[in-house]
Amino acid sequence: IQTLEELEKDLKSADLRNVYLVLGPEQFQCRQAVDLLKGKALSPASLAFDYSEFCAGEDSIDEIIKSANTYPMLSKRRVALVTSAEKLADAEQETLLEALKNISPRSLLILLAEDLDHRKKLYRTIRETGCVAEFAKLKGFALERWAEAYVQREGYRISAVAMKKILDLAGADMLSLSTELEKLMLFSGKQKNIADSAIDDLVRGSRQHKIFDLIDAIGLRDRTSALRLLENLISGGEAPLAIVALMARHCRQVLIAKEYLQRKMDVREILARVQVLPFLLDKFMRQVRSADATAIREMYIRLADIDRRLKSSSADGRLLLEQVICISM
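Analysis parameters
- Residues numbered from 1 in each chain as written.
- Predicted model: local features only at pLDDT ≥ 70, side-chain atom pairs only at ≥ 80, totals over all residues.
- Heavy atoms only, no water.
- Helix = DSSP H or I, 4+ residues; strand = E, 2+ residues; numbered from the N terminus.
- Buried < 20%, exposed > 50% of the residue type's maximum accessible area, 1.4 Å probe, protein only.
- Contact = heavy atoms within 4.5 Å.
- Areas by Shrake-Rupley, 256 points an atom, 1.4 Å probe, with all protein chains shown as cover.
- Lys, Arg positive; Asp, Glu negative; His and termini not counted.
- Charge placed at Lys NZ, Arg CZ, Asp CG, Glu CD.
- Salt bridge = Lys/Arg side-chain N within 4 Å of Asp/Glu carboxyl O.
- Core = buried A, V, L, I, M, F, W, Y, C linked by side-chain atoms within 4.5 Å.
- Disulfide = S-S within 2.5 Å.
- Arc of directions from axis to C-beta.
- Pairing = 2+ DSSP bridges.
- Axes fitted to C-alpha atoms, helices over the stretch in contact; angles between N-to-C directions.
- Polar contact = N/O pair within 3.5 Å; in protein donor to acceptor, adjacent residues only side chain to side chain.

A. Broad picture of the overall build of the protein chain. Across its full length, the protein chain holds 17 helices and five strands. For the protein chain, the spread of C-alpha atoms along the principal axes amounts to about 60 × 45 × 35 Å. Counting all 329 residues of the protein chain, 48% fall into the buried class. Residue pairs at least 24 apart in sequence account for 76% of intrachain contacts in the protein chain once pairs closer than 6 positions are excluded. Entry remark: accessible area of the protein chain is about 16800 Å², with carbon and sulfur atoms responsible for 51%. Each charge class in the protein chain was averaged separately, 50 positive and 48 negative side chains, and the resulting centres sit 2 Å apart.

Written as structure tokens, this is what we have:
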């Protein structure tokens, strides 16, 4: 299965399997797939009783198997989700494979991973006896089609020119893109045509510039401004995970550009390689020249850790980002 539509169709036409492997770099779609599976197996009332979530590498494989085989209390299925499943050690994979031979028919085990070696026995076994839903990163025309369908499904209309502008400003991350589209639809309200002017007002102003300003404030060790900018982003509707992704992307762009600058590469070529939008050119290069590479690299590492924790647990994203800001001062 390679699309959410295929998964929805499969869930309507067939019984739930005991084991699902949901993987791919497009975590927005992966999480939606997990929600579809949970919604098929559980009612809101049974969620607190018949659902458990684990993180591979942190929780023991024995605990995961025990939970998966626990008899459900309120629903027909007991659901166990294992995030970061790519971190399962070889020995743990073998233990899990052995347990799958006798898994309870009333169990639903979901493994969520960004990537998993297709040559591994675990992958091959689940593909043969369970179900694999794999979501590749959408790019170019495919991403544009997805965004158009997303808007149409909510009953709104948007011009092709406006959609291209949103994609340029919001980037290719589906989580960030969906956040921007939701913001535009809320702004439009009962007016079902999303105005081109709304894109400049909401998307351009609220994302790229504010992320630049946030990184600038951290670099200048202005804790008060940095925390205020973070609060503005979150209160403006930005999800902490989306902010982490944007900050990490920006840190990566700065580090790459700084290295190219040291090699005496032409500025226009640098900007083309790091894919910075034209209207941010001057501000970006000023930041690259003044940035402390060591500090930016350390921030990038911390953001990667936050990204992992937010995807694998119910951690408080706002608190984690505030800690990064304070640690960087």
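Back to the write-up after that little detour.
B. How the structure looks around the pattern of salt bridges. Throughout the structure, instances matching the rule amount to 13 salt bridges. With a shortest N-O distance of 2.9 Å, Arg308 and Glu58 are connected by a salt bridge. Placement of Arg308 in helix 16 (residues 293-312) and of Glu58 in the loop between strand 2 (51-55) and helix 4 (61-68) is noted, with a sequence separation of 250 residues between them. What makes Arg308 partly exposed here is its relative accessible area of 25%. Between Glu98 and Lys101 there is a salt bridge whose closest N-O contact spans 3.3 Å. According to the relative accessible area criterion, Glu98 is partly exposed, its value standing at 46%. Looking at Lys101, the relative accessible area reads 60%, which means it is exposed. A network of salt bridges, in which partner residues are shared, links Glu58, Asp305, Arg308 and Arg309.

C. Region of interest: the environment of Ile218. Within the element layout of this structure, Ile218 appears in helix 11 (residues 208-219). Along the backbone, Ile218 and Ala295 are 77 residues apart, and their C-alpha atoms lie at a distance of 9.7 Å.

D. Looking closely at the environment of Ser67. Following the sequence through the fold, Ser67 ends up in helix 4. The buried category is assigned to Ser67, whose relative accessible area is 7%. Spatially, the C-alpha atom of Ser67 lies 45 Å from that of Ala293, the residues being 226 residues apart in sequence. Contacts of Ser67, omitting those with residues within four sequence positions, involve Ser52, Phe54, Arg78 and Ala80.

E. Spatial organisation of the nonpolar core. Counting residues in hydrophobic clusters, the biggest one holds 38 residues, and the most contacted among them are Leu214, Ile243, Met247, Phe284, Met299 and Leu303. Every element with two or more residues in this core is listed here: helix 11, helix 12 (223-235), helix 13 (240-262), helix 14 (267-274), helix 15 (281-290), helix 16 and helix 17 (317-328). Residue contributions to this core peak at 10 residues, all from helix 13. Not counting the four nearest positions on each side in its chain, Leu214 is found in contact with Ala226, Leu229, Leu230, Leu233, Met247 and Ile325. Ile65, Ala68, Ile103 and Tyr123 belong to the second largest nonpolar core, which has 26 residues in total.

F. The arrangement of the state of the cysteines in detail. Under the definition given, this model contains zero disulfides. Cysteine Cys251 shares no disulfide, and the gap to the nearest cysteine sulfur, in Cys326, comes to 16 Å.

G. Up close: helix 6 (residues 121-129). When helix 6 is considered as a whole, its buried residues turn out to be Leu122, Tyr123 and Ile126. Relative to the axis of helix 6, the buried residues are bounded by an arc of 100 degrees and lie together on one face. In helix 6, the exposed positions that point more than 90 degrees away from the buried face belong to Glu128 and Thr129. For helix 6, the secondary structure elements touched by its buried residues are strand 1 (19-23), helix 5 (90-100), strand 4 (107-113) and strand 5 (131-134).

H. Expanded view of the sheet that holds strand 4. Taken in spatial order, the five strands line up as 2-3-4-1-5 in an open sheet, and their pairing is parallel. Lying at the two open borders of the sheet, with one neighbouring strand each, are strand 2 and strand 5. Across the sheet, the mean angle separating the axes of adjacent strands is 15 degrees when strand polarity is ignored. Here strand 1 pairs with strand 5 via four bridges, running parallel.

I. Structural detail: the side chain of Gln287. Within the secondary structure layout, Gln287 lies in helix 15. For Gln287, a relative accessible area of 5% puts it in the buried group. Engagement of the side chain of Gln287 in a polar contact is seen with the side chain of His250, the distance being 2.3 Å. Apart from residues lying up to four places away in sequence, Gln287 is in contact with Phe212, Ile215, Asp216, His250 and Val254.

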